Amino acid sequence: MEALANSELTIDNQQYLDSLLVINKDSQLSNEESQSLDKLLARVDQLNLLKARAHYTLKHLENSAVLAS
């Protein structure tokens, strides 16, 4: 659960995302690049949701352990 809570994009995906965002800033993305950016941003959103759920679960488990003591 902790590994999930601390997960992130691979270095390659993060660098690609960064480069797409720079190109997008200048409104010069190709259709393919635009689709790749959309997919990467969707993956980031999913990852953030999973991380939030994992953090919540870990916190809930910690609180349950304290109450049981």
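Residues numbered from 1 in each chain as written. Predicted model: local features only at pLDDT ≥ 70, side-chain atom pairs only at ≥ 80, totals over all residues. Heavy atoms only, no water.

A. Layout of the overall build of the protein chain. The helix and strand tally for the protein chain stands at 3 helices and 0 strands. Along the protein chain, helices (α) and strands (β) appear in the sequence α-α-α when read from the amino end. Taking 2.2 N^0.38 as the reference for a compact globule, 69 residues should give roughly 11 Å; the C-alpha atoms of the protein chain span a radius of gyration of 17 Å, well beyond that estimate. Classification of the 69 residues of the protein chain by burial places 17% in the buried group. At a minimum sequence separation of 6, the contacts of the protein chain that also span at least 24 residues come to 62%. Carbon together with sulfur atoms contributes 53% to the accessible area of the protein chain, which is approximately 5600 Å² in total. Here the protein chain holds 6 positive side-chain charges and 10 negative ones, and the gap between their average locations is 7 Å. (Helix = DSSP H or I, 4+ residues; strand = E, 2+ residues; numbered from the N terminus. Rg over C-alpha atoms; globule rule 2.2 N^0.38 Å. Buried < 20%, exposed > 50% of the residue type's maximum accessible area, 1.4 Å probe, protein only. Contact = heavy atoms within 4.5 Å. Areas by Shrake-Rupley, 256 points an atom, 1.4 Å probe, with all protein chains shown as cover. Lys, Arg positive; Asp, Glu negative; His and termini not counted. Charge placed at Lys NZ, Arg CZ, Asp CG, Glu CD.)

B. Layout of the nonpolar core. Leu9, Leu17, Leu20, Leu29, Leu37 and Leu40 together form the largest nonpolar core, which totals 6 residues. Contributions of two or more residues to this core are made by α2 (11-25) and α3 (31-68). Not counting the four nearest positions on each side in its chain, Leu20 is found in contact with Leu29, Glu33, Ser36, Leu37 and Leu40. (Core = buried A, V, L, I, M, F, W, Y, C linked by side-chain atoms within 4.5 Å.)

C. Layout of the packing of α2 against α3. Relative orientation of the contacting elements α2 and α3 amounts to 125°, with a least axis distance of 10 Å. When the interaxial angle is binned, α2 and α3 end up oblique. The crossing of α2 and α3 is left-handed. The segment α2 lies against α3, with Asn13, Tyr16, Leu17, Leu20, Leu21, Ile23 and Asn24 engaging Glu33, Ser36, Leu37, Leu40, Leu41, Arg43 and Val44. Its residues assigned to classes, the contact of α2 with α3 comprises 9 nonpolar, 3 polar and 2 charged. (Axes fitted to C-alpha atoms, helices over the stretch in contact; angles between N-to-C directions. Parallel < 35°, antiparallel > 145°, perpendicular 65-115°, else oblique. Left-handed = near helix turned anticlockwise from the far one by under 90°. Nonpolar A, V, L, I, M, F, W, Y, C, P; charged D, E, K, R; others polar.)

D. Region of interest: unusual backbone geometry. Residues other than glycine seldom take positive phi values, yet Ser27 does so here, at roughly 55°. On the secondary structure map, Ser27 appears in the loop between α2 and α3. Judged by relative accessible area, Ser27 falls into the exposed class, the value being 66%.

E. Layout of α2. Relative to the 21 Å expected for 15 residues at 1.5 Å per residue, α2 spans 21 Å between its end C-alpha atoms, a close match to the ideal helical length. One or two residues past the end of α2 sits Ser27, with phi positive at roughly 55°. (Expected span 1.5 Å × (residues − 1).)

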